[in-house]
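Remarks on the overall topology
Letter by letter, the chains look like this.
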Amino acid sequence: MFSTAHRYLLTAATLTLLPLGVMAGEVSLSGQASVKYTPDSARLQFTANAEHSLPETATRRVNEKMEQWRDGISDFRDQLDSYSDASVNLYSRSVPTQERSQKTEKIAVASQTVSFTIDDLSLLNPILAQAQELGLDYNLGPHHFFHSDESSLRKQALAGAIADARARCEFVANELDKQCGEVININIDNNHQPPVPMMAEMRASSAPVSETGPRELTSRVSATFELE
């Protein structure tokens with residue numbers, strides 16, 4: 001037979017062997033969910049460049065290219081959102097000489113950049129064709145494509161992550177002959193990693209874009225639930 005003091009010590013020793021979460025009547029775990037989608041929009045930027053010994057000539061040539069650009073896209077200009085072609089730059093650069101005794105020459109460089117977004121990817125190839133015809137510089141990569149309702153997609157992923165955490169809690173509670181209760185606290189992982197699309201980066205070329213590739217948004221949460 002154990003004395004009252006012995007029984008108390010035995011009970012305390014037994015409790016210390018249990019996980020802290022079980023002792024406190026709570027469980028901490030994580031949840032994760034992903035939403036797959038296909039981009040339906042793109043951010044585009046093109047630059048017209050011209051060089052000449054005279055700044056006014058370089059500027060005039062860039063202006064001519066921009067006029068040709070505006071004429072070429074006139075049929076779908078009203079479908080280009082957040083359109084801007086006000087970025088103009090004029091500077092000079094030194095031209096290397098073969099002989100040290102030669103005077104360093106300066107050349108004027110003029111450039112003008114146009115940027116916009118499209119929410120109809122069927123416009124992409126006609127726009128690229130026009131840019132290529134005029135010799136405009138551009139860089140088109142996976143990060144230029146996005147979904148027009150990405151906010152809703154992130155909410156869907158977050159809702160799925162919370163549901164996953166709740167489902168895990170219910171599984172743990174069932175294994176312990178308990179019930180998953182209220183949420184004590186929850187942390188949302190806001191460090192979203194940019195989606196990795198299945199599309200290789202493409203620089204200026206005559207190749208049309210035929211596939212933007214699927215993407216995936218992932219949301220993660222960590223939560224603590226009561227065990228009843």
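Preceding this section is the structure that the text describes.
Predicted, not measured: the structure shown is a model, and the values here were computed from it.

As a further point, take the overall build of the chain. When its secondary structure is counted, the chain shows 5 helices and 9 strands. Reading the secondary structure of the chain in the N-to-C direction produces α-α-β-β-α-β-β-α-β-β-α-β-β-β. A buried classification covers 33% of the 228 residues belonging to the chain. A separation of at least 24 residues holds for 79% of the contacts in the chain among residues at least 6 apart in sequence. Total accessible area on the chain stands at roughly 14500 Å², and carbon and sulfur atoms take up 51% of it.

Together, Ile162, Val183, Ile186 and Ile188 make up an exposed nonpolar region whose accessible area comes to about 290 Å². Looking at the nonpolar patch element by element, the count peaks at 3 residues for strand β7 (residues 180–188). Of the residues examined, Ile162 reaches a relative accessible area of 38% and is grouped as partly exposed.

For the rest of this paragraph, the subject is the sheet that holds strand β2 (residues 41–52). Strands sit in the order β3-β4-β2-β6 across an open sheet of 4 strands; the sheet is antiparallel. For this open sheet the edge positions go to β3 (81–95) and β6 (145–146), each flanked by a neighbour on one side alone. One ladder, built from 11 bridges, connects β2 with strand β4 (residues 105–118); its direction is antiparallel. Of the residues in β4, the one forming a bridge with Ala42 is Ile118.

With that out of the way, let us pick up the side chain of His144. For His144, the location among the structural elements is in the loop between β5 (139–140) and β6. A distance of 2.9 Å separates a polar atom in the side chain of His144 from the backbone nitrogen of Gly141. Residue contacts for His144: discarding those within four places in its chain leaves Ser41, Ala42, Arg43 and Asn139.

Scoring rules and cut-offs
Sequence positions are assigned chain by chain, starting from 1 and proceeding in written order. Where totals are concerned, whole chains, interfaces and linings use all residues; where local detail is concerned, this predicted model gives features only for residues with pLDDT of at least 70, and gives and counts side-chain atom pairs only at 80 or more. Each side-chain value is derived from all of the structure's non-hydrogen atoms; neither hydrogens nor water enter the calculation. Numbering goes from the N terminus for both helices and strands, where a helix is a DSSP run of H or I of at least four residues and a strand is a run of E of at least two. In this scheme, a residue with accessible area under 20% of its type's maximum is buried, one over 50% is exposed, and one in between is partly exposed, where area comes from a 1.4 Å probe on protein chains only. Contacts between residues were defined by any pair of non-hydrogen atoms, one from each residue, lying within 4.5 Å. In these tables, accessible area is a Shrake-Rupley quantity obtained with a 1.4 Å probe, and a residue counts as shielded only by the protein chains included in the view. For patch building, the residue pool is restricted to those with more than 30% relative accessible area and no salt bridge; the joining distance is 9 Å between like charges and 5 Å between nonpolar side chains (Val, Leu, Ile, Met, Phe, Trp, Tyr). By convention in these notes, a salt bridge is any Lys or Arg side-chain nitrogen within 4 Å of a carboxyl oxygen on Asp or Glu. At least two DSSP bridges between two strands are required for those strands to pair. Polar contacts here mean pairs of N or O atoms no more than 3.5 Å apart (in protein, one a potential hydrogen donor and the other a potential acceptor; neighbouring residues in sequence count only if both atoms are side-chain atoms).

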